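An overview of the molecular structure
Here is what each chain is made of, one letter per residue.
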Amino acid sequence: MPLPNACRLALLFTTVLSCTLVSAQQAIPQMTRVEEDAVDIELDGFLNESIWQELPYIDGMRVIDPDTLAETPYETHARFFYTERGIYVGVMNYQPGDSLVARMTSRDTQLDRDGFVLGLDPSGQGLYGFFLRINLGDSMTDATILPERQMNMQWDGSWNGRTQALDDGWSVEYFIPWSMMPLPQAGETRQIGIYLERQVGHLGGEAWSFPALPRTVNQFLSAYEKYELRDIEPRRQLTFYPFASADFDAIKNDTDAKVGTDIYWRPTTNTLLSATINPDFGTVESDDVVVNLTAFETFFPEKRTFFLEGQDIFNTHPRSRGGGGPGGPVTLLNTRRIGGAADYDIPDDVNVIPTDVSQPTDLLGAVKFTGQIGNWQYGTLYASEDDPELLGTLDDGTEVLIHATGHDYAVGRLLYEDTSGGGRRSIGWMGTHVDHPSVDANVNAIDMHYFSRDNRWVVDTQFMHSDVDNVTGFGFLGDLSYQPERGVQHTIRATYIDDEFEMNNLGFLTRNDQANLSYNYFVNESDIPGLRNRSTGIIVTNEWNTNDQPVRLGAFFQRNYRFLNNNSFGFNLRYFPSRYDDRLGRGTGTFKLPVRYGVSFDYETDRARPISYNLNLGFDPEDLGPLNLSAGAGVSWRPTDRFSLNMNLNYEDREALLVHRGGGNYTSFEAHQWSPRLEMNYFITAKQQLRFTTQWTALKAFEDSFYRVNTVEDSELIPVANPDTTPDDFAISRLTFQARYRWEIAPLSDLFVVYTRGANLPRNSLFTFQDLLEQSWNDRIVDQIAIKLRYRLGS
């Protein structure tokens with residue numbers, strides 16, 4: 001339905017007035033407001049509604065990848081307006097029609113192709129934001145953003161968008177509801193930040209943006225183009241996510257059904273209360289298959305919607321996203337702990353199924369409240385686990401029921417941020433509490449952050465204190481980043497965590513007992529003939545324990561070349577000075593490691609092509625010195641926009657895999673490991689996907705040499721004779737297969753039908769690799785079908 005003439009005149013008058021104010025007074029431009037009942041847009045990607053022709057467009061894009069800031073060869077016309085419900089965006093991306101590159105993928109898959117990004121800063125001050133990308137073919141990627149470029153790619157939002165391929169390019173339409181984002185309390189006017197980015201697939205994934213914000217500058221979220229909105233105060237919003245699920249377990253011949261709901265209520269524009277009733281925190285995606293023979297825990301990211309929504313307020317430091325040492329981040333809140341495997345006390349004479357012991361614990365419920373008042377942001381989270389039960393059997397077949405007690409979790413967060421006068425300064429507190437008969441754990445932290453007005457200096461610090469069963473510990477994180485010019489960055493990271501600090505009851509930390517001072521240097525060059533860019537990194541790691549022993553030392557040189565055809569080649573040189581290992585023995589003694597060296601190479605072709613491949617080769621030192629060979633290859637085949645086949649194969653030949661056998665005794669193994677992964681995707685439509693994934697990891701290890709720790713002094717391991725005549729050879733074979741159908745009925749409303757099959761063979765399965773694969777498929781320990789329907793109701 002065409003807009004009434006009065007509405008058209010109002011639109012034109014508002015636009016002309018805004019442009020006049022900008023040119024005459026350099027005022028913040030005003031975004032056009034339209035009454036909701038005057039909007040008649042069918043979100044189909046076609047910009048054929050009259051309002052798109054009546055609004056002026058924005059272009060002004062510059063090339064940001066490679067970082068040349070050159071003018072773009074094609075025009076990009078972006079238009080937007082807002083209503084009481086949300087923001088509408090329409091974009092025409094001009095380019096030759098025969099140059100379009102469309103690729104349908106799963107949500108949040110990063111792949112070079114034709115795509116468009118809308119960045120939103122609802123705070124208007126660079127405090128938090130949203131990254132919303134839609135690609136030609138309607139595949140989506142989204143994330144939340146914390147200053148300046150910390151992205152949480154696990155989050156999914158309730159926005160919507162559509163694209164259309166045209167003779168002179170392609171077009172896209174967005175709708176972003178206000179209910180998706182917190183909005184600060186404001187008077188008649190408020191400000192928001194807008195960022196526009198476009199990727200062009202046939203130009204090797206070249207990226208353009210307005211404003212021009214390449215990754216070689218510190219500023220991002222705070223530098224979004226500001227727009228003024230008037231008379232916008234969205235109504236209170238209430239959203240329900242009811243679900244129904246059914247699971248059939250073919251191993252136990254058992255069926256389980258469940259119904260429940262998540263509830264999200266915004267009593268004001270800047271607060272969100274979320275709760276879950278009879279929650280189903282089972283995921284329809286499987287974690288990667290990992291073989292971990294180290295002393296460090298493996299980190300797995302959160303995938304459950306309830307914990308991802310509104311979660312950024314609990315991020316206290318950039319290292320919460322990663323960079324916390326071997327294996328993962330440093331974070332006070334690792335929500336994968338909530339609903340994790342129960343703490344069963346299993347008697348020695350009771351037999352249980354291992355997969356039953358590792359099953360997630362049901363939750364009685366969980367509630368979360370987040371919001372902001374002026375410069376203050378706050379958040380609370382409470383979750384309570386059910387008391388689980390485990391069925392076991394005695395040797396005579398008698399069934400026994402084993403009971404465990406669930407945990408209670410509580411989290412509080414308070415943050416003050418100030419952006420007046422330019423830059424950003426903030427200070428915050430966060431506390432966590434875990435209550436269980438076996439543990440009473442409390443962790444508190446104060447975090448402080450500084451971003452200089454000239455964008456060159458960034459400081460992030462955090463002081464931490466733990467009290468676990470009256471044992472207290474202390475920790476400190478301090479990161480300093482300096483960028484003297486575009487493309488050049490120096491980073492110093494300092495860490496001190498004493499040997500009594502403990503946060504892993506609810507957080508994640510690879511190790512305590514460390515004092516670390518590391519330095520990173522990074523430079524990106526985009527003016528080298530014959531290259532799109534060349535990046536260089538120098539890293540010096542210097543980590544000691546509190547006994548003044550070096551435990552993680554290294555100097556690394558990294559160089560990557562990206563060619564004009566978007567192929568890339570990189571290499572990495574590594575030097576490891578002599579250090580001590582104080583973790584592998586798990587408290588039975590420390591031993592010294594020799595000087596070691598390593599090198600690796602990798603090559604990858606343009607992923608926007610129908611066929612692309614990658615190769616990697618590495619020679620990395622074992623703990624005892626000998627080099628192990630690692631090699632990998634992968635190929636991606638995309639003959640059409642709807643179909644993709646990805647195959648990857650990795651191989652490791654290890655000459656001295658060191659394994660602790662207990663009591664300070666070690667065995668060195670000669671080991672071989674194969675890790676293939678196969679993924680096939682077919683899109684019936686952009687919103688209906690069939691996906692098949694298979695991941696298998698198999699390792700065979702044969703004992704070679706024997707050692708014991710020196711109990712007199714911390715020195716090299718002492719070679720010893722074979723302590724027994726029974727070989728300790730072992731094998732590991734783990735397989736996961738999943739077939740999944742997903743239908744995205746509406747934004748955040750899905751139907752899943754998932755078949756999962758898995759195996760974990762006994763360690764004495766020393767067969768050929770071919771037989772290991774066949775037996776892993778046949779001797780399954782997981783064989784189940786899950787059906788889950790979730791639908792979003794409300795504003």
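Summary of the structure given here.

Parameters and conventions
- Residues numbered from 1 in each chain as written.
- Predicted model: local features only at pLDDT ≥ 70, side-chain atom pairs only at ≥ 80, totals over all residues.
- Heavy atoms only, no water.
- Core = buried A, V, L, I, M, F, W, Y, C linked by side-chain atoms within 4.5 Å.
- Buried < 20%, exposed > 50% of the residue type's maximum accessible area, 1.4 Å probe, protein only.
- Helix = DSSP H or I, 4+ residues; strand = E, 2+ residues; numbered from the N terminus.
- Contact = heavy atoms within 4.5 Å.
- Phe/Tyr/Trp six-rings, centres within 6.5 Å; stacked < 30°, edge-to-face > 60°.
- Lys NZ or Arg CZ within 6 Å of the ring centre and 35° of its normal.
- Polar contact = N/O pair within 3.5 Å; in protein donor to acceptor, adjacent residues only side chain to side chain.
- Patch = residues over 30% accessible without salt bridge, like charges linked within 9 Å, V, L, I, M, F, W, Y side chains within 5 Å.
- Areas by Shrake-Rupley, 256 points an atom, 1.4 Å probe, with all protein chains shown as cover.
- Salt bridge = Lys/Arg side-chain N within 4 Å of Asp/Glu carboxyl O.
- Pairing = 2+ DSSP bridges.

**With respect to the nonpolar core**
- Judged by nonpolar contacts, the single largest core of 37 residues is most densely connected at Leu118, Leu132, Tyr174, Ile176 and Ile194.
- For this core, the secondary-structure elements that each account for two or more residues are strand S3 (76-82), strand S4 (86-94), strand S5 (115-121), strand S6 (129-135), strand S10 (169-177), strand S11 (189-200) and strand S13 (225-230).
- Ignoring sequence-local partners within four residues, the contact set of Leu118 consists of Val89, Phe130, Phe131, Leu132, Tyr174, Ile176, Ile194, Tyr195 and Leu196.
- Membership of the second largest hydrophobic core comes to 33 residues, among which are Phe306, Leu381, Met464 and Leu506.

**Re unusual backbone geometry**
- Cis geometry is found at the peptide bond from Asp65 to Pro66, where omega equals 10 degrees.
- For the peptide bond that leads from Phe210 to Pro211, omega is -10 degrees, which places it in the cis range.
- Structurally, Pro211 is set in the loop between strand S12 (206-210) and S13.
- Within the chain, Asp138 stands out as a residue other than glycine whose phi angle is a positive 80 degrees.

**Considerations on the side chain of Ser765**
- With respect to the secondary-structure elements, Ser765 resides in the loop between strand S41 (749-760) and helix H5 (769-778).
- Non-local contacts of Ser765, meaning those with residues more than four positions away in its chain, are made with Ala731 and Leu772.

**What to know about the environment of Gly537**
- Mapped onto the elements, Gly537 comes out in strand S28 (residues 531-544).
- Residue Gly537 is classed as buried on the basis of its relative accessible area of 7%.
- Residues Gly537 and Phe522, 15 residues apart in the sequence, show an inter-C-alpha distance of 4.5 Å.
- Look past the residues within four positions of Gly537 in its chain and what remains in contact with it is Tyr521, Phe522, Phe556, Phe557 and Gln558.

**Looking at the packing of aromatic side chains**
- For the structure on display, the rule yields 28 aromatic pairs.
- Judged by centre distance (5.7 Å) and plane angle (40 degrees), the ring pair of Phe369 and Tyr378 falls under tilted.
- You can call Phe369 partly exposed: its relative accessible area is 29%.
- Here Phe669 and Phe730 contribute two aromatic rings whose centre-to-centre distance is 5.1 Å and whose plane-to-plane angle is 80 degrees, an arrangement assigned as edge-to-face. Of the two residues, Phe669 sits in strand S37 (residues 665-685) while Phe730 sits in strand S40 (residues 730-746), which places them 61 residues apart along the sequence.
- The buried category is assigned to Phe669, whose relative accessible area is 3%.
- Residue classification places Phe730 among the buried positions, given a relative accessible area of 4%.
- One aromatic cluster in this structure is built from Trp52, Phe81, Tyr88 and Phe175.
- Between the NZ or CZ atom of Lys788 and the centre of the ring of Phe243, over which it lies, the distance is 5.6 Å.

**Quick notes on the environment of Glu206**
- Within the secondary structure layout, Glu206 lies in strand S12.
- In this structure Glu206 comes out as buried when scored by relative accessible area, which is 15%.
- Spatially, the C-alpha atoms of Glu206 and Arg532 are 9.5 Å apart, while their sequence positions differ by 326 residues.
- Dropping the residues within four chain positions of it, Glu206 is found in contact with Val63, Asp65, Pro66, Arg198, Gln199, Val200 and Arg532.
- At 2.9 Å, the side chain of Glu206 and the side chain of Trp208 are in polar contact.

**Points about a nonpolar patch on the surface**
- Residues Ile373, Trp376, Leu414, Ile427, Trp429, Ile446, Met448, Phe463, Phe474 and Tyr496 make up a contiguous nonpolar surface patch of roughly 890 Å² in combined accessible area.
- Elements with a contribution of two residues or more to the nonpolar patch: strand S22 (424-436) and strand S23 (439-451).
- Take Ile446: its relative accessible area is 34%, and that puts it in the partly exposed class.

**Topic: the pairing of S40**
- Counted residue by residue, S40 has twelve buried out of 17 residues, so it is predominantly covered.
- As judged from the 14 bridges shared by strand S38 (residues 688-708) and S40, these two strands associate in the antiparallel manner. Counterpart to Thr693 in the pairing with S40 is Gln738.
- When S40 meets S41, the two strands line up antiparallel, connected through twelve bridges. Looking at the pairing, Glu744 lines up with Asp750 of S41.

**Quick look at the sheet that holds strand S9 (residues 160-166)**
- Strand order in the open sheet made by the five strands is S1-S3-S4-S10-S9, with mixed pairing throughout. For this open sheet the edge positions go to strand S1 (32-33) and S9, each flanked by a neighbour on one side alone.
- Two strands pair when backbone bridges link them, and S4 and S10 are joined in this way by nine bridges, in the antiparallel orientation. For Val91, the partnering residue across the bridge sits in S10 and is Val172.

**Quick notes on the pattern of salt bridges**
- Summed over all chains, the structure comprises 37 salt bridges.
- With its nearest N and O atoms 2.7 Å apart, the salt bridge here joins Arg319 to Asp479. Taken together, the residues Arg319 in the loop between helix H3 (305-308) and helix H4 (354-357) and Asp479 in strand S25 (residues 471-485) connect sequence positions 160 residues apart.
- Exposure remark for Asp479: the relative accessible area of 8% places this residue in the buried category.
- One salt bridge in this structure joins Asp606 and Arg609, with 3.3 Å as the shortest N-O distance.

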